[in-house]
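Notes for the structure review
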Amino acid sequence: MYRAGMGSELRRYQSVVSDSLRWSKFAPRPGDIIISTPPKCGTTLTQMMCALLIFDGPAFPGRLDDLSPWFDMNTRSDDEVLSGVEAMAHRRFLKTHTPLDGIPDWPDVTFVVVGRDPRDVFVSWEHHSANIDSDRFSVAVDESVGLETVAPFHRERPQTVSERLDQWLVDESPTATMSLASVAGHLDVAWQRRHQSNVLLFHFEELRDDRTATMHRLAEGVGLELSGVRIAELAAAASLEQMRSRANELAPNTKEILADSAEFFRSGASGEGQAVMTPEQDAVYERRLAELVTPDLRDWLHRSS
């Protein structure tokens with residue numbers, strides 16, 4: 001725990017990838033947008049939708065990863081991030097994978113959270129992990145904050161997908177980059193705050209399957225006035241095909257951590273996670289999820305209500 005902002009006590013989320021303590025150094029502006037998602041829950045698509053609305057078109061004044069940086073990622077130094085964010089003249093929309101209880105609840109800031117069936121998150125994470133150049137990642141972290149300062153990765157990565165799924169299901173390590181507990185915990189905090197006027201909660205399938213309606217609600221939630229016709233036009237630029245065609249501009253690859261920027265834009269189908277689980281793993285999943293979230297959140301994540 002640490003204190004930041006208005007004297008609030010915040011949980012510190014720290015891993016080899018990111019450190020939420022950086023939020024204690026952030027100077028918010030009225031109208032800021034903070035996109036807080038678990039990994040592989042439509043983060044970049046949400047950033048794209050925000051960018052299209054803010055810039056009123058698909059022509060952006062820079063790479064998406066620079067216009068909307070992952071604020072607390074360890075591949076950028078404090079000075080690099082803070083000075084870059086302070087210099088922004090456009091309405092700011094920043095990315096983080098820190099849950100809302102790790103960020104001060106500034107009343108003039110809008111928090112956008114996206115959830116997804118955790119089983120599908122696991123499959124998407126598997127594909128994403130295979131596309132990461134671990135050597136380049138280590139170099140970027142070392143050059144930015146120093147490898148000796150970050151929370152070490154807690155264990156060796158299992159060799160097979162099934163073994164990794166077994167670990168993902170039960171991992172409770174606070175420094176885990178990805179686990180069922182980390183995904184569920186992130187979304188549980190947002191679920192508890194979903195009725196706050198400055199919290200917008202979306203499901204990944206809304207973003208993927210009904211972009212126009214999602215962008216309508218997003219625009220309204222952040223106070224941007226665009227016509228319905230214009231939002232429908234903008235939504236077309238947020239299709240998977242359109243984004244993949246602009247992969248070098250839109251993928252979060254400023255530090256060249258991804259082996260292939262185009263591969264980052266993968267079409268993830270609902271139900272993929274269920275397909276890779278054995279009956280035994282599915283039983284563990286259901287038991288663990290019931291321990292981690294309320295039944296109404298479970299139903300929302302599974303889109304069963």
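Here, every reference points to the structure presented above.
Below or above, wherever it landed, is the structure these notes cover.

The rules behind the values
Residues numbered from 1 in each chain as written. Predicted model: local features only at pLDDT ≥ 70, side-chain atom pairs only at ≥ 80, totals over all residues. Heavy atoms only, no water. Buried < 20%, exposed > 50% of the residue type's maximum accessible area, 1.4 Å probe, protein only. Helix = DSSP H or I, 4+ residues; strand = E, 2+ residues; numbered from the N terminus. Pairing = 2+ DSSP bridges. 1 Å grid on protein atoms, 1.4 Å probe; cavity = no way out; pocket = protein on both sides within 12 Å on 5 of 7 lines; lining within 4 Å. Points joined across faces, edges and corners; volume = space filled by probe spheres on them. Nonpolar A, V, L, I, M, F, W, Y, C, P; charged D, E, K, R; others polar.

The next subject is the pairing of strand 3 (residues 33-36). Side chains Ile 33 and Ile 35 of strand 3 all project onto a buried face; the interleaved residues Ile 34 and Ser 36 project onto the opposite face, where all are buried too. Both strand 3 and strand 4 (residues 93-96) contribute to a ladder of four bridges, which runs parallel. The residue of strand 4 that forms the bridge with Ile 35 is Lys 95. Pairing of strand 3 with strand 5 (residues 110-115) involves three bridges; the strand directions are parallel. If you follow Ile 33 over to strand 5, its bridge partner there is Thr 110.

This brings us to empty space enclosed by the protein. As enumerated under the stated definition, the model contains three cavities of 30 Å³ or more in all. By volume, the largest cavity amounts to about 40 Å³. Considering each element in turn, the lining of the largest cavity owes the most residues, three residues, to helix 8 (residues 204-209). Here the lining of the largest cavity is built from residues that sort into two nonpolar, three polar and five charged.

Before going further, it helps to spend a moment on the layout of surface pockets. Counted as a void, the second largest pocket has a volume near 160 Å³. For the second largest pocket, the lining is made up of 13 residues, of which Asp 19, Arg 22, Asn 74, Asp 78 and Val 145 are closest to its centre. In terms of residue class, the lining of the second largest pocket is made up of three nonpolar, four polar and six charged.

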